Amino acid sequence: MVEKASKGRKEEVVTREYTINLHKRLHGCTFKKKAPKAIKEIRKFAQKAMGTSDVRVDVKLNKHVWSRGIRSVPRRIRVRIARKRNDEEDAKEEFYSLVTVSEIPPEGLKGLGTKVIDEED
């Protein structure tokens, strides 16, 4: 009954903005593995949020995570995740997720919820 409605929603192109708390996801992680683990956790978050196994991380997001070194990863990060249609002929999946870094408001990241972005194109 309800499952059919939720399954249909995963089959559309959508863009959402999330705040990911990396601090709780990296708690207890070895210093020299923090930045690589942060990228893996962002991928895992995007897979769960968008329902696609093909997740592509933008270069600017990678640079932002690594900006303070391997140990000092930002505690929270604001990302924009876009589920897009895969145009390649030999693609295994119909959709992929593109994760980009979003602009950080001057008042901080606390209290910001999930925001659906209207498509510009």
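This write-up is about the structure you can find in this document.

## So, the environment of isoleucine 70
Move 1: Mapped onto the fold, isoleucine 70 is located in the loop between α4 (59-66) and β3 (76-85).
Move 2: C-alpha of isoleucine 70 to C-alpha of proline 36: the two residues are 34 residues apart in sequence and 7.8 Å apart in space.
Move 3: Among all residues touching isoleucine 70, those that are not within four sequence positions of it are Phe31, Lys32, Lys34, Ala35 and Pro36.

## Some points on the pattern of salt bridges
Move 1: Applying the stated criterion to the full structure yields seven salt bridges.
Move 2: One salt bridge connects arginine 78 with glutamate 17, and the closest N-O pair in it is separated by 3.3 Å. Of this pair, arginine 78 sits in strand β3 while glutamate 17 sits in strand β1 (residues 14-21), placing them 61 residues apart in sequence. There is no split in this pair, since arginine 78 and glutamate 17 are both buried.
Move 3: With a closest N to O distance of 3.6 Å, lysine 37 and glutamate 41 form a salt bridge. Here lysine 37 pairs with glutamate 41, and both are found in helix α3 (residues 34-50), just four residues apart, close to one helical turn.
Move 4: On the basis of relative accessible area, lysine 37 is assigned to the partly exposed category, the value being 32%.
Move 5: Ionic contacts of the salt-bridge type, sharing partners, join the residues Glu17, Arg78 and Arg80 into one network.

## Quick look at the layout of surface pockets
Move 1: Computed from the structure, the second largest pocket encloses a volume of approximately 160 Å³.
Move 2: Contributing to the lining of the second largest pocket are Leu22, His23, Leu26, His27, Gly28, Lys34, Arg68, Arg71, Ser72, Val73, Pro74 and Arg75.
Move 3: The residue makeup of the lining of the second largest pocket, split by class, is four nonpolar, four polar and four charged.

## Some details on a positive patch on the surface
Move 1: Taken together, Lys24, Arg75, Arg76 and Lys110 make up a surface patch of like positive charges.
Move 2: For lysine 24, the position within the fold is in helix α2 (residues 22-25).

## Regarding the packing of α3 against α4
Move 1: The N-to-C vectors of α3 and α4 enclose an angle of 140°; their axes lie 9 Å apart at closest approach. The orientation of α3 with respect to α4, classified from their angle, is oblique. In this structure, α3 crosses over α4, and the sense of that crossing is right-handed. Between α3, through Ala35, Pro36, Ala38, Ile39 and Ile42, and α4, the contact on the second element is made entirely by Leu61, Asn62, Val65 and Trp66.
Move 2: Of the residues belonging to the contact of α3 with α4, the class tally is eight nonpolar, one polar and no charged.

About the criteria used
Residues numbered from 1 in each chain as written. Predicted model: local features only at pLDDT ≥ 70, side-chain atom pairs only at ≥ 80, totals over all residues. Heavy atoms only, no water. Helix = DSSP H or I, 4+ residues; strand = E, 2+ residues; numbered from the N terminus. Contact = heavy atoms within 4.5 Å. Salt bridge = Lys/Arg side-chain N within 4 Å of Asp/Glu carboxyl O. Buried < 20%, exposed > 50% of the residue type's maximum accessible area, 1.4 Å probe, protein only. 1 Å grid on protein atoms, 1.4 Å probe; cavity = no way out; pocket = protein on both sides within 12 Å on 5 of 7 lines; lining within 4 Å. Points joined across faces, edges and corners; volume = space filled by probe spheres on them. Nonpolar A, V, L, I, M, F, W, Y, C, P; charged D, E, K, R; others polar. Patch = residues over 30% accessible without salt bridge, like charges linked within 9 Å, V, L, I, M, F, W, Y side chains within 5 Å. Areas by Shrake-Rupley, 256 points an atom, 1.4 Å probe, with all protein chains shown as cover. Lys, Arg positive; Asp, Glu negative; His and termini not counted. Charge placed at Lys NZ, Arg CZ, Asp CG, Glu CD. Axes fitted to C-alpha atoms, helices over the stretch in contact; angles between N-to-C directions. Parallel < 35°, antiparallel > 145°, perpendicular 65-115°, else oblique. Left-handed = near helix turned anticlockwise from the far one by under 90°.

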